[in-house]
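Listed below are the residues making up each chain.
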Amino acid sequence: EKLTSYRAWLQYEQIENQDYVSKIKPFVQHVAVDLACDEIIDNALIEWQTGLSSMFQINASIIKDGSVDKGLVLKLDQDYQEDAYVLRASDDQLILTGGSSRAILYGVFHILRLIQRRALLAGLSIKETPKNKIRMINHWDDMNGSVERGYAGKSFFFDDYQFIKDRQRVYDYARLLSSVGINALTINNVNVHRIETELVTDTFLSDVKQTSDIFNQYGITMYLSINYAAPVELGVLTTADPLDEDVIAFWGKTAKHVYDVVPNLGGFLVKADSENRPGPFTYGRDHAQGANMLGKAVEPYGGKVIWRCFVYNNKQDWRDRKTDRARAAYDHFKPLDGEFNDNVILQIKNGPMDFQVREPVSPLIGELENTNQFLEFQIAQEYLGQQRHLVYLIPQWKEVLEFDTYAKGENTKVKDIVSGEVFDNKIAGIVAVTNVGIDYNWTGHTIAQLNFYGYGRLIWNPDLTSEEIALEWIKQTFGHDPKTIETIMKMVMPSWEAYENYTSPLGIGWMVNVSHHYGPNIDGYEYDMWGTYHFADRNGIGVDRTIATGTGYTGQYHAENRDLYESIETCPDELLLFFHHVPYTHVLKSGKTVIQHIYDTHHKGVEQVEEMIANWDSLADKVDERRHQDVKERLSHQLWSAKEWRDTINSYFYRKSGIADEQNRKIY
Ligand code: GCU
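Residues numbered from 1 in each chain as written. Predicted model: local features only at pLDDT ≥ 70, side-chain atom pairs only at ≥ 80, totals over all residues.

(A) Main features of the overall build of the protein chain. Of the regular secondary structure elements, the protein chain holds 20 helices and 18 strands. By the compact-globule yardstick of 26 Å for 668 residues, the protein chain fits well, its C-alpha radius of gyration being 26 Å. Its C-alpha atoms put the protein chain at 80 × 65 × 50 Å along the principal axes. Across the 668 residues in the protein chain, those meeting the buried criterion constitute 50%. Of the contacts made within the protein chain by residues no fewer than 6 positions apart, 69% connect residues no fewer than 24 positions apart. (Helix = DSSP H or I, 4+ residues; strand = E, 2+ residues; numbered from the N terminus. Rg over C-alpha atoms; globule rule 2.2 N^0.38 Å. Buried ≥ 20, exposed ≤ 12 C-beta atoms within 10 Å, placed from the backbone. Contact = placed C-beta atoms within 7 Å.)

Listed below in structure tokens is the structure:
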């Protein structure tokens, strides 16, 4: 049972259906390797054999002289894009042709996925090319073993200021990542503290190399988060000024040494001038100067510098209604477009605030025409119930990717910008903050595995639907019983909406407890130094971000979106309070007043969790006890928490507004 959860979606359960077995068997007797083997191909073959022996009790023989006419044939074709592959099947032969060893590994996982889903192979003809070239994961792991915003136990890389010696978990993780097409990652937190600053020094470089080697075997490139002020922090210099000769020399030397020891390192990820982290602003320099200095240092080795755009004033004064955190990324980085080195990439969070349940898309996306960029999501549910609540995130991310920025006229969608197609970027892709830790099931909540799986699948192919992704995952994770599949689908599909219903309404966000960000605290940030406001009073609520009377944030969008958001008439209900301050009696497009909407959604959200529980209970004899019990416990906590949210929000707004619920339900 422990293993079941640990294996996540790579269950490879024995196949009982003999009819299916007989149809697949011809393809799986032998594998003919018509290419030069390397460690990635070796891992692909191991995976193939593992899968087959477990599902079919077959020991697939590996034939390296290409002389079989049945079974799987592996070939390379240099003309294919690096990660692309083609699968073609006759009645008894399946040919997998890939653009690289990594593509072969992806192709093997693809076939295993098809078999786990009981698809037929005969006649198959599939070409897969990932939409995004770089598909990355960021860990926020600290070397003391804790994980910032980690909800699945401690780090499996570090403990007690050391790398964990037993690397089995890292291998298993690399396997999970590559099975969904992830090809890059950072292993340490963007907040780089004292000890982690030494990751680029001999204190840890051999461990860094060993870890990087493990990921390389699965086609994954490892990067490090670095401390912008490393020269000062390490006591080498008294400045980190990017234009200072000694600073330039420090990074030149550091990069050379790092790449001598770890030649395959991808590069550095940097959080600078953000939430009290050091950066170029300290020295009166801008972010292009800071990033380019590092970019030049790693350039000789093919390294990249990923520079985060999460730069904002975290001490906004409530009296100042013009400063607006939402404006910050655009205000800081738009003017620098075109000034960054070719190997520098700007990493932009999906929304202008911070991974809230509902935010508009960051207006910076689509505005950088001459700069490489990554889009950043968060798989960890920092503000979305911290993996104690069931929230399926793919529907939210799909809205982001499908959003039309109008950057180059109609139909300039986020997915085509971040893939590099719209502005023809050399380097492009998507990254996300991971939700895994040392917990026996990787993600704390077993169903949170779906967000990990789904992230990989979605950024490989953003045109997959949320339903398709969930179905794939459920079949591989929980098997083929139709009732089980249908029931879990009913639980996951509306779960984001449910969470939104019982938490902060209409795009306003926050209303969580300060610093740990769990549970309701409506005025937590309202009266905190870390100013993030909703401005609720007895008359109304919302942040005026219009050009006409507010912070002018709407002006950061192209005309179509600017006008849509600027006008209270056209602004979509779900974002109304993000853009406008309105009275509680304002009537939404739905026909309800804001206050009645708040009451109704908060009751509905709790009912939706009750339905989830009833659904899950009905699977008691379908799912193994450990997983069933575990999810059940989390759901019952979720219900408790949803009620706490409902009651806190409803009481608060009833007392502020003095307007009663039309349905006269209980409000404390
Ligand atoms: C959020 C989060 C922090 C994190 C930061 C970031 O604010 O709460 O823990 O460091 O994002 O993305 O850098």
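(B) The arrangement of the nonpolar core in detail. Counting residues in hydrophobic clusters, the biggest one holds 189 residues, and the most contacted among them are Leu177, Leu185 and Val270. In terms of residues, this core owes the most to one element, helix H4 (residues 101-116), which gives nine residues. The contacts of Leu177, once residues within four sequence positions are left out, are Ile137, Ile182, Leu185, Tyr218 and Ile220. (Core = buried A, V, L, I, M, F, W, Y, C linked by C-beta atoms within 7 Å.)

(C) A look at the site of the ligand. Residues in close proximity to the ligand include Glu148, Arg149, Val190, Asn191, Lys271, Glu275, Phe310, Asp354 and Glu382, which together make up its full environment. Partitioned by chemical class, the residues of the shell around the ligand number two nonpolar, one polar and six charged. (Near = placed C-beta within 6 Å. Nonpolar A, V, L, I, M, F, W, Y, C, P; charged D, E, K, R; others polar.)

(D) Focus on the sheet that holds strand E14 (residues 344-349). Read around the closed barrel, the eight strands follow the order E7-E10-E11-E12-E13-E14-E15-E16; overall the barrel is parallel. Across the sheet, the mean angle separating the axes of adjacent strands is 25 degrees when strand polarity is ignored. Note that E14 and strand E15 (residues 372-378) share five bridges and pair parallel. Along E15, the bridge assignment pairs Lys349 with Glu376. (Pairing = 2+ DSSP bridges. Axes fitted to C-alpha atoms, helices over the stretch in contact; angles between N-to-C directions.)

(E) The pairing of strand E11 (residues 221-226), seen in detail. Counting buried positions along E11 yields five of six residues, so the element is predominantly enclosed. Strand direction decides the pairing type here: strand E10 (residues 184-186) and E11, joined by three bridges, are parallel. Within E11, the residue paired with Leu185 across the bridge is Met222. Each parallel crossover has a hand, and the one from E10 via helix H6 (residues 205-216) to E11 is right-handed. (Right-handed = clockwise from strand over helix to strand, strands pointing away.)

(F) Region of interest: the confidence of the model for the protein chain. Per-residue confidence for the protein chain gives a mean pLDDT of 96; residues scoring 70 or more make up 100%. Here the predicted complex carries an ipTM of 0.98, next to a pTM of 0.98. (pLDDT = per-residue confidence, 0-100.)

(G) Main features of the domain arrangement of the protein chain. For the protein chain, the domain assignment lists domain 1 (2-128), domain 2 (134-464) and domain 3 (500-543 + 581-657). Facing 21 residues of domain 2, the contacting portion of domain 3 comprises 23 residues. Residues belonging to the side of domain 2 that touches domain 3 are distributed by class as follows: six nonpolar, eight polar and seven charged. (Domains from an automatic or database assignment.)

(H) Focus on unusual backbone geometry. Located in the positive-phi region is Ala8, a residue other than glycine, with phi close to 50 degrees. A residue is classified by how many C-beta atoms lie within 10 Å of it, and Ala8, with 23 of them, is buried. Despite not being glycine, Leu506 shows a phi value in the positive range, around 50 degrees. If you trace the backbone, Leu506 turns up in the loop between helix H16 (495-502) and strand E17 (540-541).

(I) Spatial organisation of helix H8 (residues 245-261). Its 17 residues give H8 an end-to-end C-alpha distance of 25 Å, which sits within 8% of 24 Å, the value for a rise of 1.5 Å per residue. Taken as a whole, H8 has its buried residues at Val247, Phe250, Trp251, Thr254, Ala255 and Val258. Buried residues along H8 cover an arc of 125 degrees about the axis, so they all sit on one side. Those residues of H8 that are exposed and aimed more than 90 degrees away from the buried face are Glu245, Lys253 and Asp260. Contact partners of the buried residues in H8: H6, helix H7 (230-233) and helix H9 (287-298). (Expected span 1.5 Å × (residues − 1). Arc of directions from axis to C-beta.)

(J) Examining the environment of Asn372 more closely. Structurally, the position occupied by Asn372 is in strand E15. For the pair Asn372 and Asp77, spaced 295 residues apart in the sequence, the C-alpha separation amounts to 28 Å. Contacts of Asn372, omitting those with residues within four sequence positions, involve Val344, Ile345, Leu346, Asn425, Lys426, Ile427 and Ala428.

(K) Looking closely at the packing of helix H14 (residues 466-478) against helix H15 (residues 482-492). At a minimum axis separation of 10 Å, H14 and H15 run at an interaxial angle of 130 degrees. Overall, the two elements H14 and H15 adopt an arrangement that is oblique. Our pair here, H14 against H15, has a crossing hand that is right-handed. Contacts between H14 and H15 pair Ala470, Leu471, Ile474, Lys475 and Phe478 from the former with Thr484, Ile485, Ile488, Met489 and Val492 from the latter. Here the residues of the contact of H14 with H15 are counted per class, giving eight nonpolar, one polar and one charged. (Parallel < 35°, antiparallel > 145°, perpendicular 65-115°, else oblique. Left-handed = near helix turned anticlockwise from the far one by under 90°.)

(L) Local environment of the UniProt feature "domain: Glycosyl hydrolase family 67 C-terminal" (unreviewed entry) in the protein chain. Sequence positions flagged by UniProt for "domain: Glycosyl hydrolase family 67 C-terminal" (unreviewed entry) are, in local numbering, residues 443-665. Split by type, residues 443-665 is 51% helix and 2% strand. Its first and last C-alpha atoms lie 37 Å apart. (UniProt positions renumbered as here; feature names shortened; annotations may be inferred.)

(M) Fine view of the packing of H16 against helix H19 (residues 594-617). Following both chains from N to C, one finds H16 and H19 inclined at 135 degrees, their axes separated by 7 Å at the closest point. One way to sum up the angle between H16 and H19 is to call them oblique. Read as a crossing pair, H16 and H19 show a hand that is left-handed. Counted together, Ala498, Asn501 and Tyr502 of H16 and Thr601, His602, Lys604, Gly605, Val606, Gln608 and Val609 of H19 form the full contact between these two elements. For the contact of H16 with H19, the residue count by class is four nonpolar, five polar and one charged.

(N) Examining the pairing of strand E5 (residues 93-98) more closely. Alignment of strand E3 (residues 71-76) against E5, held across six bridges, turns out to be parallel. Note on E5: the bridge partner recorded for Leu74 is Leu96. Inspection of the sheet shows strand E4 (residues 85-89) paired to E5 by five bridges, in the antiparallel sense. Looking at E5, one finds that Leu87 is bridged to Leu96. Between E4 and E5, which pair antiparallel in sequence order, lie three residues.

(O) Structural detail: H6. The first and last C-alpha atoms of H6 sit 16 Å apart over twelve residues, in line with the 16 Å expected at 1.5 Å per residue. Among all positions of H6, only Val208, Thr211, Ser212 and Phe215 are buried. Down the axis of H6, the buried side of the element spans an arc of 100 degrees, and every buried residue falls inside it. On its buried face, H6 is in contact with strand E9 (162-163), helix H5 (168-179), E10 and E11.

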